[in-house]
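In case you want the letters, here they are:
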Amino acid sequence: MSITAPAGFTAGSQPHLTLIVNEGPLQEAAGVFTSNRVVAAPVVWSRAALADHHAHAVVANSACANACTGSQGDDDARATADHVAGLLGCGVDEVLVASTGIIGVPLDMDRITAWTDAAHADLATGPAADDAAARAIMTTDTVTKTATLTVGGVTFGGIAKGAGMLAPQLATMLVFLTTDAVVGPGELQPALAAATAVTFSRVDSDACMSTNDTVIALASGASGQSLSRSALTQALTSLCADLARQLVADAEGSHHDVLVEVEGATTTEAAEAVAREVARSNLVKTAIAGNDPNWGRILAAVGCVPEDVAPYRPDEVDVAINGVTICRAGAIGDDRELVDLTPREVHITIDLHAGHAHGHVWTNDLTHEYVEENSAYTS
């Protein structure tokens, strides 16, 4: 089970649409969205609807992004929420909307309405409902992404969609999280923001940010149990980390999942900046695709980060790949032939020797399959 594992939630789905309902007794909600300046209509709607940190339901479709569709797109996002509100007997601003799919194409509202009616009729709990919801939000995904977690008598569940165009803030993804924890007004938002900052925002598949990135968390309070603020944040972080890792594992056409970890930085921000520069290097990514431990490409990417962002001495930087330190003090280290790049997971460790902070970014290699898939996909 996943999103209906926590008490108080039901879900109903059609092949390209899912409806998740928080039956209460509480209906606390939080959201984190794309920072792209070109933003989809459902993101605009849901941002505004979450101003009071309250939501009764989420409706998401994977047939069309409803992005760059002008005033008609705004009207359609509201109409979708209004239709769900009518079915549930709640206010229109208690319904959050999310979409993914092709950009620049209007929603087919007749289909959306029909799918929503059918999804509402199918509201249920259990593994079948959860699996259908996870499948309904898939686009180029090859597998569903689900997660559950129980902490101190409180249950958390989540589903995610995403396989490419993964870049901060967040990734090209839809993520829906549920919990039956008792959460005070406004407490869920900072916990979700903190959780996504070190999970979904540390996933960078191809440096391409979406117009539709959406992460929504709902709390029903149905367990009757509450967690401390730190425990709530930690639980959400663990749940998000699980789902974020699944997104990387399903990145379009990838052969390797790559963890770029930076140690010895002056600040966490500096470490993340260096990790992200390496993670976004097509030269590094293609080398890994070819099982080539070309540390020179890694060091060159490290050098692209401005000094005022990440202070360090280039002649003190160490680079290791899968435990083999092939670059020491900015020069030749152990024999690169010792590096085994045949496993799916690759771990690049960069030590700047400039401080005590650390940070990481997950990415993937760049393969022929990625180019082929994205050259034939209208987005």
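Residues numbered from 1 in each chain as written. Predicted model: local features only at pLDDT ≥ 70, side-chain atom pairs only at ≥ 80, totals over all residues. Heavy atoms only, no water.

**Side note on the overall build of the protein**
Step number 1: Check the secondary structure of the protein and you find 10 helices and 15 strands.
Step number 2: Expressed as lengths along the three principal axes of its C-alpha atoms, the size of the protein is roughly 65 × 45 × 35 Å.
Step number 3: Among the 379 residues that make up the protein, the fraction classed as buried is 53%.
Step number 4: Counting only contacts in the protein whose residues sit at least 6 apart along the sequence, the fraction spanning at least 24 positions is 80%.
Step number 5: Surface summary for the protein: the accessible area is close to 14,600 Å², and the carbon and sulfur share equals 52%. (Helix = DSSP H or I, 4+ residues; strand = E, 2+ residues; numbered from the N terminus. Buried < 20%, exposed > 50% of the residue type's maximum accessible area, 1.4 Å probe, protein only. Contact = heavy atoms within 4.5 Å. Areas by Shrake-Rupley, 256 points an atom, 1.4 Å probe, with all protein chains shown as cover.)

**Things to note about the nonpolar core**
Step number 1: Counting 43 residues, the largest nonpolar core has Ile159, Phe176 and Leu218 as its most contacted members.
Step number 2: When sequence neighbours within four positions are dropped, the list of residues in contact with Leu218 reads Phe9, Ile20, Asn22, Glu28, Ala29, Ala55, Val58, Leu177, Thr178, Thr179 and Leu188.
Step number 3: Core analysis: the second largest hydrophobic core is formed by 33 residues, Trp295, Val317, Ile321 and Val361 among them. (Core = buried A, V, L, I, M, F, W, Y, C linked by side-chain atoms within 4.5 Å.)

**Description of the pattern of salt bridges**
Step number 1: All told, the structure shown has 13 salt bridges when counted by the stated rule.
Step number 2: One salt bridge in this structure joins Asp257 and Arg245, with 3.1 Å as the shortest N-O distance. Of this pair, Asp257 sits in strand β10 (residues 257-265) while Arg245 sits in helix α6 (residues 229-249); the two residues are 12 residues apart in sequence, bridging distant segments of the chain.
Step number 3: For Glu345, the salt bridge identified is with Arg245, shortest N-O distance 2.7 Å. Taken together, the positions of Glu345 in strand β14 (residues 345-351) and Arg245 in helix α6 put the pair 100 residues apart, joining distant regions of the chain.
Step number 4: Through salt bridges that share partners, Arg245, Asp257, Arg344 and Glu345 make up one connected network. (Salt bridge = Lys/Arg side-chain N within 4 Å of Asp/Glu carboxyl O.)

**Considerations on helix α3 (residues 109-121)**
Step number 1: Across its 13 residues, α3 extends 18 Å between first and last C-alpha, which sits within 8% of the 18 Å expected from 1.5 Å per residue.
Step number 2: Turning to α3, its buried residues are Met109, Ile112, Trp115, Thr116 and Ala119. One side of α3 holds all its buried residues, which, seen down the axis, span an arc of 125 degrees. Exposed residues on α3 whose side chains face more than 90 degrees from its buried face are Asp110, Arg111 and Ala121.
Step number 3: Elements that come into contact with the buried residues of α3 comprise β1 (9-14), β2 (17-22), β4 (57-61) and α2 (70-88). (Expected span 1.5 Å × (residues − 1). Arc of directions from axis to C-beta.)

**Re the sheet that holds β4**
Step number 1: Here we have 4 strands laid out as an open sheet, ordered β1-β2-β4-β5, and mixed in their pairing. Edge positions in the sheet fall to β1 and β5 (95-99), since each of these pairs with one other strand and no more. Within the sheet, the average angular offset between the axes of one strand and its neighbour, ignoring direction, is 15 degrees.
Step number 2: As defined by bridge partners, β1 adjoins β2 across 6 bridges and the pair is classed as antiparallel. Each bridged residue has a counterpart across the sheet, and for Gln14 the counterpart in β2 is Leu17.
Step number 3: On the sheet, helix α4 (residues 127-136) packs against β1 and β2 and is oriented at approximately 50 degrees with respect to β1. (Pairing = 2+ DSSP bridges. Axes fitted to C-alpha atoms, helices over the stretch in contact; angles between N-to-C directions.)

**Some points on the packing of aromatic side chains**
Step number 1: Scanning the model with the defined rule gives 0 aromatic pairs in all.
Step number 2: Seen from the ring of Trp362, Arg245 lies directly overhead, with NZ or CZ sitting 4.2 Å from the centre. (Phe/Tyr/Trp six-rings, centres within 6.5 Å; stacked < 30°, edge-to-face > 60°. Lys NZ or Arg CZ within 6 Å of the ring centre and 35° of its normal.)

**Quick look at the side chain of Arg276**
Step number 1: With respect to the secondary-structure elements, Arg276 resides in helix α7 (residues 268-279).
Step number 2: A distance of 2.8 Å separates a polar atom in the side chain of Arg276 from the backbone oxygen of Ser201. (Polar contact = N/O pair within 3.5 Å; in protein donor to acceptor, adjacent residues only side chain to side chain.)

**Considering the pairing of strand β9 (residues 214-219)**
Step number 1: With 6 of 6 residues buried, β9 lies mostly within the body of the structure.
Step number 2: Burial along β9 is two-sided: the residues Thr214, Ile216 and Leu218 and Val215, Ala217 and Ala219 are all buried.
Step number 3: As defined by bridge partners, strand β3 (residues 28-33) adjoins β9 across 6 bridges and the pair is classed as antiparallel. Within β9, the residue paired with Val32 across the bridge is Val215.

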